[in-house]
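Structural characterization, general
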Amino acid sequence: MGELNFIRSKLPDTVPVREAHLTVLHSVTLAVVRKLGCEDDAGLTGTPVLKALPE
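Just so we're clear, the structure is a prediction, and the values are computed from it rather than from any experiment.

Criteria and cut-off values
- Chains are numbered independently. Their residues run from 1 in the order of the written sequence.
- Since the coordinates come from a predicted model, pLDDT governs what is reported: local features require at least 70, and pairs of side-chain atoms require 80 or more to be given and counted, while whole-chain, interface and lining totals use all residues.
- Hydrogens are left out, water is left out, and the side-chain values use all remaining heavy atoms of the structure.
- Secondary structure is summarised from DSSP: a helix means a run of H or I of at least four residues, a strand means a run of E of at least two, and numbering begins at the N terminus for each.
- Put simply, the radius of gyration uses C-alpha atoms, and a globule should come to 2.2 Å times the residue count raised to 0.38.
- The rule is simple: take the accessible area with a 1.4 Å probe, protein chains only, and divide by the maximum for that residue type; under 20% is buried, over 50% is exposed, in between is partly exposed.
- Working definition of accessibility: Shrake-Rupley area with a 1.4 Å probe, residue cover restricted to the visible protein chains.
- Counting rule applied: Lys, Arg positive; Asp, Glu negative; His and chain ends not counted.
- By convention, charge coordinates are those of NZ in Lys, CZ in Arg, CG in Asp, or CD in Glu.
- Note on contacts: a residue pair qualifies if any of its non-hydrogen atoms lie within 4.5 Å across the two residues.

Observations regarding the overall build of the protein
Counting its regular elements, the protein contains 1 helix and 0 strands. Computed over its C-alpha atoms, the radius of gyration of the protein comes to 13 Å, more than 25% above the 10 Å expected for a compact globule of 55 residues. Projecting the C-alpha coordinates of the protein onto the three principal axes gives extents of approximately 35 × 25 × 15 Å. Across the 55 residues in the protein, those meeting the buried criterion constitute 7%. Accessible area for the protein stands at about 5,200 Å²; split by element, carbon and sulfur atoms hold 60% of it. Here the protein carries 6 positive and 7 negative side-chain charges, and the mean point of each set is 7 Å from the other.

Some points on the environment of P48
Mapped onto the secondary structure, P48 falls in the segment after α1 (15-36). With 44 residues separating them in the primary sequence, P48 and L4 have C-alpha atoms 18 Å apart.

Quick notes on the side chain of H26
Within the secondary structure, H26 is located in helix α1. Excluding anything up to four places from it in sequence, H26 contacts L44, T45, G46, T47 and P48.

In structure tokens form, the structure reads like this:
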């Protein structure tokens, strides 16, 4: 069992700040799936794919 806590950032809610947070989250997730030995890194890419969702 694992847990990841996130304390609300005092940084402004901008695209670069959100992308930085997502990059950290991706790195942590990738490290966990590799530690667990998930096949094909559980489908994660080596670097995060940051694309805005269509509105």
